[in-house]
Amino acid sequence: MKVKSNGLVISLLAGLAVFPVLASAATLPAANNMNDKTITATGKAAVNLPQTQGVVVLGVSSTDSDPKDAQESVRRKADKLVTAIRQLQPLNIATTVIAVNPVWSYKDNTSKITGYTANYSLTVTSNINQVGSVIDRAIDSGADNIGSPVFSASDKARESASLAAIRLATQDAKAKAEAALSALNIKGGTVKQIFIQNSANSPYPVAKFAAMSASTNDKAPATEVAAGNDVVNAEVSIVMSY
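Let us look at the structure shown here. Bear in mind that the values here come from a model prediction, so they are computed numbers and not experimental data.

So, on to the pairing of strand E10 (residues 229–241). Among the 13 residues in E10, ten count as buried, and that is most of the element. Relative to E10, strand E3 (residues 38–50) is paired through 13 bridges, and the arrangement is antiparallel. Its bridge partner being in E10, Gly43 is matched across the sheet by Val236.

Structural data, given as structure tokens:
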């Protein structure tokens, strides 16, 4: 989509999520003649922001010859797990899997059902300093499946970082265009077009586990989780007349 304003055309590329900032441009006057001599420059920027929350998938399972018995066993395990995690008051808890599946055996080219496995999974979102406690509490409560935690910054922080990256990339593009023109003793004119594209890269650090050196009379330390940074990138190209 292109928006024209006072000789300036702003093109929004896929992946940009800052529409409120540019919404008023559609009501501005139409662009002037675009047949000027122009120079195009591209600027890039990256903004780091700390990861402040983590998501962990916790699960329990049970196998029995009867599907109802398997499901009832998992229900009891799930109730215990959910109750224990809720006591920590995480940011969010959501059930993601409830399933009962047959267990097959294969012998002499013949297959038959030998039992049923019931599964229950819970996704927990918590502050970064609480992720280790969530993992420990889950293990203590009978969880037999714990997925690797995924860390990220908050949505609000990522939005602010996205806008900051766009500003920095725009300044970088403008400085490059002006430097090129200055080398030729040419004075820059009006910016005619702006192309904006930003994206995010979120590295997921491996959780560190605290040394379980406490004695049997002491409480063991919580699992230590070391988060990293999210990186929000932006790339801006400008077309400037001269």
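On to the nonpolar core, then. Leu58, Leu81, Ile85, Tyr120 and Leu122 are the most contacted members of the largest nonpolar core, which has 21 residues in total. Where this core is concerned, the elements lending two or more residues are strand E4 (53–64), helix H2 (67–86), strand E6 (110–127) and helix H3 (131–140). If one sorts the elements of this core by residue count, H2 sits on top with six residues. Setting aside chain neighbours within four positions, we find Leu58 in contact with Leu81, Ile85, Tyr120, Ser121, Leu122, Val124, Val134, Ala138, Asn145 and Ile146.

The final tally for this structure, using the stated rule, is six salt bridges. Residues participating in the shared-partner salt-bridge network are Glu72, Arg75, Arg76 and Asp79.

Each α-helix winds once per 3.6 residues, and so residues spaced three or four apart point in a common direction. Those residues of H3 lying buried are Val131, Gly132, Val134, Ile135, Asp136 and Ala138. Contacts made by the buried residues of H3 are with E4, H2, E6, strand E7 (145–146) and strand E8 (150–152). Remark: Gly142 follows H3 within two positions and exhibits a positive phi of approximately 100 degrees.

Mapped onto the fold, Val57 is located in strand E4. Setting aside chain neighbours within four positions, we find Val57 in contact with Ser121, Leu122, Thr123, Asn145, Ile146 and Gly147.

Here Asp108, not a glycine, exhibits a phi torsion of approximately 55 degrees, which is positive. By secondary structure assignment, the location of Asp108 is in the loop between strand E5 (92–107) and E6. Of note in this structure, Asn185 is not a glycine but carries a positive phi near 55 degrees. Within the secondary structure, Asn185 is located in the loop between helix H4 (155–183) and strand E9 (191–201). Asn185 sits in the exposed class, given a relative accessible area of 76%.

Criteria and cut-off values
- Residues numbered from 1 in each chain as written.
- Predicted model: local features only at pLDDT ≥ 70, side-chain atom pairs only at ≥ 80, totals over all residues.
- Heavy atoms only, no water.
- Buried < 20%, exposed > 50% of the residue type's maximum accessible area, 1.4 Å probe, protein only.
- Helix = DSSP H or I, 4+ residues; strand = E, 2+ residues; numbered from the N terminus.
- Pairing = 2+ DSSP bridges.
- Core = buried A, V, L, I, M, F, W, Y, C linked by side-chain atoms within 4.5 Å.
- Contact = heavy atoms within 4.5 Å.
- Salt bridge = Lys/Arg side-chain N within 4 Å of Asp/Glu carboxyl O.

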